[in-house]
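Architecture and fold: a report
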Amino acid sequence: MKTDVQVAVIGGGIVGVSVLYWLAKLGWTDTVLLERRELTSGSTWHAAGNTTYFGPYPKMTALFAGSIRTYLQAEQETGQSVGFHETGSLRLAATARELELFHVYAPRYEALNIPFYIRSPDEVATLHPFVDTTANFGAAHTPTDGHVDPTGATNALAQAAKQHGASIKRHCPVSAISQASGKWVLETPSGTVTARNVVVATSFWAPEMLAPLGLNLPVFPTQHHEIITESLPEIAALDKELPAIRDSWVSCNVRQERDGLLIGIYEKEPEFWALDGIPPDFKEDLLPPNLDPLMPHLERLMERMPLFAEAGIKVANNGPMCFTPDGLPLIGPVPEMDGLWLATGFNVGIGTGGGSAEILAKWMTSGQPPKGLDAIHADRFGNDLSKDAALAAIRDVYAHGYQLPDHI
Ligand SMILES: Cc1cc2nc3c(=O)[nH]c(=O)nc-3n(C[C@H](O)[C@H](O)[C@H](O)COP(=O)(O)OP(=O)(O)OC[C@H]3O[C@@H](n4cnc5c(N)ncnc54)[C@H](O)[C@@H]3O)c2cc1C
């Protein structure tokens, strides 16, 4: 194991590995990534892998597009598949106002060079024959997004980073961080690692890790379910994969998974997990499913997509998912702690991890912060937000995950 490096990245989920990869691409290869267990062993292994280009904020859309670009680049460099399915997505307009907002967004996509179409209800029915279009106003269609295999993508990035000269040490939990002689000192069971820069990419483990340095990170895990149905003959009979659907009325996303459906719900009353500390023996674990709070949403989905009413549920996965009070990640340097960088707080880390890592690596290697991305800066919450205020904000942002901001 390298014991004195320019950069140590802590955490081997999609985000940490993407950072290691981008640093190496930009020529910083005196690096080591330290992972507590196996790569992907936090939230990454059980994520659905959805990545959409739809959204009200072009800078964030660019992070999604940059992520797919990053994963495909790693695939090309290594031959390791990232499992990209370019199904496209339909963001249904549940209200006339949503449709109006889609028209406002459309020119922004032209500027990003990302295809974006507004589809009528009839066109939606052609693109997705199982959506009941009688009660919606059409959809925004982003035909070039889709989903990836999160584990495949992480492994491809890891392999590509190593090809460029970076190194990875698994089964190497960092138990303490301190500063000495202008360097960061990381304690691990395999010995001490010193580093000029440290990137903390440990998701909901980050607050506990950094509390001894006096940092108060408003990062907490919610529980989040994904439901996978049994195979449906109607889907098995298709000759083309269905586009993903996102819908503010149901507050869910739905995509095809093999010959069934995969549904992610953002329920009105989200549950947190491990608010008193992440259990030290937490491994690649899922949490017990709790379907009751999801039922009102699933009932709406049966109306929106009657085929779902015929489907048996094969599995309901409940996993911990990291959240910040505004739902956006914390990226960048920690003020007054020279060389300490954050890449944490991601709740759509597959969708935005690769693109965010590119931004962070460029920031680190050039010393220049990105333009127009204050919304994701690591220091935007200060250090004094109370736990209660953070949890209340997260509850709100989670429950309204599919509501569009009304300002333009
Ligand atoms: C059911 C479900 C479905 C989801 N679906 C999607 C989706 O479709 N699209 C999407 O974009 N996102 C999705 N997500 C969210 C996504 O999983 C996360 O945003 C993403 O995986 C976060 O990646 P990460 O690298 O930040 O964190 P993680 O994957 O959690 O990685 C953090 C890593 O840090 C390591 N670590 C922790 N402490 C230490 C230490 N002391 N020393 C060394 N290593 C340490 C952990 O072992 C872990 O491997 C979903 C989440 C859930 C729960």
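Residues numbered from 1 in each chain as written. Predicted model: local features only at pLDDT ≥ 70, side-chain atom pairs only at ≥ 80, totals over all residues. Heavy atoms only, no water.

Under an unreviewed UniProt entry, the protein has the name Dimethylglycine dehydrogenase and belongs to Cognatiyoonia koreensis.

Moving on to the nonpolar core. Ranked by internal contacts, the top residues of the largest apolar core, which has 56 residues, are Val199 and Leu360. Contributing elements (two or more residues each) for this core: β1 (4–10), α1 (14–25), α2 (58–78), α3 (96–112), α5 (150–163), β18 (340–344) and α10 (349–366). Considering each element in turn, this core owes the most residues, 9 residues, to α1. (Core = buried A, V, L, I, M, F, W, Y, C linked by side-chain atoms within 4.5 Å. Buried < 20%, exposed > 50% of the residue type's maximum accessible area, 1.4 Å probe, protein only. Helix = DSSP H or I, 4+ residues; strand = E, 2+ residues; numbered from the N terminus.)

Here we come to the packing of α2 against α10. Each packed pair of helices is defined by two parameters, the angle between the axes and the distance between the axes. The contact between α2 and α10 brings their axes to 6 Å, and the two run at 85 degrees. Comparing their axes, α10 and α2 come out roughly perpendicular. For the pair α2 and α10, contact is made by Leu63, Phe64, Gly66, Ser67, Arg69, Thr70 and Tyr71 and by Gly349, Ile350, Gly351, Thr352, Gly353, Gly354, Gly355, Ser356, Glu358 and Ile359, respectively. A breakdown of the residues in the contact of α2 with α10 according to their chemical character gives 5 nonpolar, 10 polar and 2 charged. (Axes fitted to C-alpha atoms, helices over the stretch in contact; angles between N-to-C directions. Parallel < 35°, antiparallel > 145°, perpendicular 65-115°, else oblique. Contact = heavy atoms within 4.5 Å. Nonpolar A, V, L, I, M, F, W, Y, C, P; charged D, E, K, R; others polar.)

Let us now look at empty space enclosed by the protein. Enumeration over the complete set of coordinates arrives at 1 cavity of 30 Å³ or more. In this structure, the largest cavity spans a volume of roughly 30 Å³. Forming the boundary of the largest cavity are Gln223, His225, Glu267, Glu271, Asn290 and Pro293. A breakdown of the residues in the lining of the largest cavity according to their chemical character gives 1 nonpolar, 3 polar and 2 charged. (1 Å grid on protein atoms, 1.4 Å probe; cavity = no way out; pocket = protein on both sides within 12 Å on 5 of 7 lines; lining within 4 Å. Points joined across faces, edges and corners; volume = space filled by probe spheres on them.)

The next point concerns the pairing of strand β14 (residues 252–257). Burial within β14 is extensive, with 5 of its 6 residues counted as buried. With 3 bridges connecting them, strand β13 (residues 244–247) and β14 associate as antiparallel partners. What sits directly across from Ile245, in β14, is Val254. Hairpin connection between β13 and β14: a loop of 4 residues separates the two successive antiparallel strands, and Ser251 in this loop has a positive phi of roughly 60 degrees. Here 6 bridges tie β14 to strand β15 (residues 260–265), and the two strands are oriented antiparallel to one another. (Pairing = 2+ DSSP bridges.)

A word on the layout of surface pockets. Approximately 450 Å³ is the volume found for the second largest pocket. Taken together, 21 residues line the second largest pocket, and the ones lying closest to its centre are Ala48, Arg255, Glu257, Arg258 and Leu262. When contributions to the lining of the second largest pocket are tallied by element, the ones reaching two or more residues are α5, β12 (220–229), β14 and β16 (313–323). Among the elements that take part in the lining of the second largest pocket, β14 stands out by supplying 3 residues, more than any other. Its residues placed into classes, the lining of the second largest pocket shows 7 nonpolar, 7 polar and 7 charged.

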